[in-house]
Amino acid sequence: MSVQPLKAATVEVISSETMVNLALISGLILNLLLVIAIIYLISKTAKLKKSNGYIQEPTARPSTKKLAEQPVGQVIEKKILALAAARGGTLSVVETAYHTKLSLELSERALESFTSRGFAEIKENKGARIYHFQGILTEYEKVTAKSLDDLLDDRFS
């Protein structure tokens, strides 16, 4: 039995010329990927173009369109009325400003507008002005409300 000597593994040394070639190839691959990405974006943009050549605006949701068509005052009134309904028919200026993202001044002017037109009345609570909307009932008021027949029976009995 003969013993064969182990041969040392040879390591190839990569020459600087080979390194430069590898760098050039990887640069070309990156450039090719960039060109593909640009072509993809151009094709997506072309799909968005209208026949007149302008890029389409994203279509607004119907509720957004309705809000955009309304005067600003009506939009603010609706926000405040929705807030009043959610809070049992009473609001303060600070609550209104906080929940509607309006300024304090604009909130106060809007609430004063409701009072001047007779839709709300001002009540004082520990020095704070509270605006009460008469047409908005609390859940308790709705549950305990009498029907028209009951009111008529009470009146004539």
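Given the structure is predicted, the values throughout are model-derived calculations rather than measurements.

Asker: I would appreciate a short explanation of the packing of helix 3 (residues 72–86) against helix 4 (residues 93–100) in the present structure.
Answerer: For any two helices packed against each other, the geometry comes down to the angle between their axes and how far apart the axes lie. Contact geometry for helix 3 and helix 4: axes closest at 10 Å, N-to-C directions at 110 degrees. Classified by the angle between their axes, helix 3 and helix 4 sit roughly perpendicular to one another. Remark: the crossing between helix 3 and helix 4 carries right-handed chirality. Of the residues in helix 4, those touching helix 3 at K79, I80 and L83 are E95, T96, H99 and T100.

Asker: What exactly am I supposed to notice about the packing of aromatic side chains here?
Answerer: Between two aromatic rings, the relevant description is the distance of the centres plus the angle of the planes. The tally for this structure, following the rule as stated, stands at 1 aromatic pair. Over the aromatic face of Y98 sits the side chain of K101, whose NZ or CZ is 5.2 Å from the ring centroid. Against the face of F114 rests R117, its NZ or CZ located 5.3 Å from the ring centre.

Asker: What exactly am I supposed to notice about the pattern of salt bridges here?
Answerer: Where charged atoms from two side chains of opposite charge come close, those side chains can pair. One pass over the full model with this rule turns up 3 salt bridges. Measuring nitrogen to oxygen at the nearest pair gives 3.1 Å for the salt bridge that ties E112 to R129. One end of the pair, E112, is in helix 5 (residues 104–116); the other, R129, is in strand 3 (residues 128–133), with 17 residues separating them in the sequence.

Asker: For this particular structure, what's the right way to read the sheet that holds strand 3?
Answerer: Whenever strands of a sheet pair, they do so through backbone hydrogen bonds, lying parallel or antiparallel. Spatially, 3 strands are ordered 1-3-2 in an open sheet, and the strand pairing comes out antiparallel. Taken across any chain shown, the strands that pair with only one partner, and hence form the sheet edges, are strand 1 (90–91) and strand 2 (120–125). Here strand 2 runs beside strand 3; their pairing, made up of 6 bridges, is antiparallel. Each residue of the ladder has a partner; that of A120, found in strand 3, is F133. Strand contacts of helix 5: strand 1, strand 2 and strand 3, with the helix running at about 50 degrees to strand 3, the strand carrying the most contacts.

Asker: Would you mind showing me how to read the pairing of strand 3 here?
Answerer: Note on strand geometry: in a regular strand, side chains alternate between the two faces of the sheet. Examined bridge by bridge, strand 1 and strand 3 share 2 bridges and lie antiparallel to one another. Note on strand 3: the bridge partner recorded for L91 is Y131. Connecting the antiparallel pair strand 2 and strand 3 is a turn made up of 2 residues, with K126 showing a positive phi of about 55 degrees.

Asker: So what exactly am I meant to see when it comes to the side chain of T96 here?
Answerer: Mapped onto the fold, T96 is located in helix 4. Taking relative accessible area as the criterion, T96 reaches 0% and is therefore assigned buried. For T96, the residues in contact, after removing those within four places along its chain, are I80, L83, L91, K101, S107 and L111.

Asker: I tried to follow helix 4 on my own but got confused; where do I start?
Answerer: Since there are 3.6 residues in each turn of an α-helix, residues three or four apart along the chain are aligned in direction. Within helix 4, burial applies to V93, T96, A97 and T100. Relative to the axis of helix 4, the buried residues are bounded by an arc of 95 degrees and lie together on one face. When the buried face of helix 4 is taken as reference, the exposed residues oriented beyond 90 degrees from it are V94 and Y98. Where helix 4 is buried, its residues contact helix 3, strand 1, helix 5 and strand 3. Looking one or two residues past helix 4, K101 carries a phi angle of roughly 65 degrees, positive in sign.

Asker: Explain unusual backbone geometry here, please?
Answerer: When glycine is set aside, most residues are seen to have a negative phi, and most peptide bonds are trans. Unusually for a residue other than glycine, K101 sits at a positive phi of about 65 degrees. Assignment of secondary structure puts K101 in the loop between helix 4 and helix 5. Non-glycine residue K126 carries a positive phi angle of around 55 degrees. Counting through the fold element by element, K126 comes out in the loop between strand 2 and strand 3. K126 gets classed as exposed once you look at its relative accessible area, which sits at 85%.

Rules used throughout
- Residues numbered from 1 in each chain as written.
- Predicted model: local features only at pLDDT ≥ 70, side-chain atom pairs only at ≥ 80, totals over all residues.
- Heavy atoms only, no water.
- Axes fitted to C-alpha atoms, helices over the stretch in contact; angles between N-to-C directions.
- Helix = DSSP H or I, 4+ residues; strand = E, 2+ residues; numbered from the N terminus.
- Parallel < 35°, antiparallel > 145°, perpendicular 65-115°, else oblique.
- Left-handed = near helix turned anticlockwise from the far one by under 90°.
- Contact = heavy atoms within 4.5 Å.
- Phe/Tyr/Trp six-rings, centres within 6.5 Å; stacked < 30°, edge-to-face > 60°.
- Lys NZ or Arg CZ within 6 Å of the ring centre and 35° of its normal.
- Salt bridge = Lys/Arg side-chain N within 4 Å of Asp/Glu carboxyl O.
- Pairing = 2+ DSSP bridges.
- Buried < 20%, exposed > 50% of the residue type's maximum accessible area, 1.4 Å probe, protein only.
- Arc of directions from axis to C-beta.

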